[in-house]
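Results of the structural survey
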Amino acid sequence: MPHISKRKLKKKAFLKMNDRFYAVMASLKDKNFGRLFFGDLLSSTERIMLAKRLAVILMLFNKYPFTVVEKTLKVSPSTVGRLWKGMRGGDFDNIKAIIVDAKKKRGFIDDLEILLSAGLPPRGRGRWKWFYDMMNKE
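Bear in mind that the values here come from a model prediction, so they are computed numbers and not experimental data. Every residue gets a number counted from 1 within its own chain, in the order that chain's sequence is written. Since the coordinates come from a predicted model, pLDDT governs what is reported: local features require at least 70, and pairs of side-chain atoms require 80 or more to be given and counted, while whole-chain, interface and lining totals use all residues. The side-chain values count all of the structure's non-hydrogen atoms but skip hydrogen atoms and water molecules.

1. Section: the nonpolar core
Using the following cut-off: Throughout, nonpolar core names a set of buried Ala, Val, Leu, Ile, Met, Phe, Trp, Tyr and Cys residues whose side chains join them through atoms within 4.5 Å. Each residue's exposure class comes from its accessible area (1.4 Å probe, protein chains only) as a fraction of the maximum for that residue type: buried when under 20%, exposed when over 50%, partly exposed otherwise. Numbering of helices and strands runs from the N terminus; a helix is a DSSP stretch of H or I covering at least four residues, while a strand is a stretch of E covering at least two.
Judged by nonpolar contacts, the single largest core of 13 residues is most densely connected at V56, L60, F61, V69, L73, V80 and F92. At the level of elements, α3 (44–61), α4 (66–73) and α5 (77–88) are the ones that each hand at least two residues to this core. The element contributing the most residues to this core is α3, with five residues.

2. Describing the confidence of the model for the protein chain
The following threshold applies: Values of pLDDT, the confidence the predictor places in each residue, fall between 0 and 100.
In this model, the protein chain carries a mean pLDDT of 82, and residues with pLDDT of at least 70 account for 78%. Per-element mean pLDDT across the protein chain ranges from 67 in helix α7 (residues 129–137) up to 95 in α5.

3. A few points about unusual backbone geometry
One non-glycine residue, K63, lies in the positive phi region at around 65°. Within the fold, K63 resides in the loop between α3 and α4. Located in the positive-phi region is K74, a residue other than glycine, with phi close to 55°. Secondary-structure assignment places K74 in the loop between α4 and α5. Classification of K74 by relative accessible area gives exposed; the value is 66%.

4. Points about the packing of α3 against α4
Put simply, the rule is: Each axis is a line fitted through C-alpha atoms, taken for helices only over the stretch in contact, and angles between the N-to-C directions span 0 to 180 degrees. To sort the angles, those under 35 degrees are grouped as roughly parallel, those over 145 as roughly antiparallel, those from 65 to 115 as roughly perpendicular, and the leftovers as oblique. A clockwise turn of the near helix away from the far one marks a right-handed crossing, whereas an anticlockwise turn of less than a right angle marks a left-handed crossing. Note on definitions: a residue-residue contact is assigned when non-hydrogen atoms from the two residues lie within 4.5 Å.
Where α3 meets α4, the axes come as close as 10 Å, and the angle between the chain directions of the two elements is 155°. Taken together, α3 and α4 sit at an angle that is classed as roughly antiparallel. Handedness of the crossing formed by α3 with α4: right-handed. Across the interface between the two elements, K52, A55, V56, M59 and L60 of α3 pack against F66, V68, V69, T72 and L73 of α4.

5. Observations concerning the environment of V80
Here V80 lies in helix α5. Note on V80: relative accessible area 0%, which makes it buried. Residues V80 and V69, spaced 11 residues apart in sequence, show a C-alpha to C-alpha distance of 7.5 Å. What V80 contacts, discounting residues up to four positions off in sequence, is V56, L60, F66, V69, E70 and V75.

6. Quick word on the layout of surface pockets
Formally: For each structure, a 1 Å grid was placed over the protein atoms alone; sets of points admitting a 1.4 Å probe that cannot get out are labelled cavities, open sets with protein on both sides within 12 Å along at least five of seven lines are labelled pockets, and lining residues have an atom within 4 Å of a point. Grid points are joined across faces, edges and corners, and a volume is the space filled by probe spheres set on the points. Polarity classes work like this: nonpolar for Ala, Val, Leu, Ile, Met, Phe, Trp, Tyr, Cys and Pro, charged for Asp, Glu, Lys and Arg, and polar for all others, with Gly in that last group.
If you add up the space inside the largest pocket, you get close to 780 Å³. Where the lining of the largest pocket is concerned, the elements lending two or more residues are α1 (11–26), α2 (31–41), α3 and α6 (93–117). Broken down by element, the residue count for the lining of the largest pocket peaks at seven residues, all from α3. The residue inventory of the lining of the largest pocket, partitioned by class, reads 15 nonpolar, one polar and two charged.

Below is the structure:
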């Protein structure tokens, strides 16, 4: 469980610190750099806790049954219930918006790939067979 100092920061200092934290987070664009950054910043327990929490939220958004979430991620029923209750209350709407946006972008890229590959030979073994067959006929 995380521990927070009992001594309170001044509001101005807290807001400045928070803004700087969010700016650093927003600058993480590379997965490997993010892995190094979080490896330095968080303990292994904190990384596992956050990764599991996000995974539970994602699985609940994708309508996985509670028991599947519990068994897959090795989390307690109370954790899944608490996060589901928060999700139903709108606590994770921003995460949901990011997921939906990512799915739309991925869908767009998949559609674009289909359009760009239309009429091209299939990938893999025998890809250019049609071309060589056509050349041999002439």
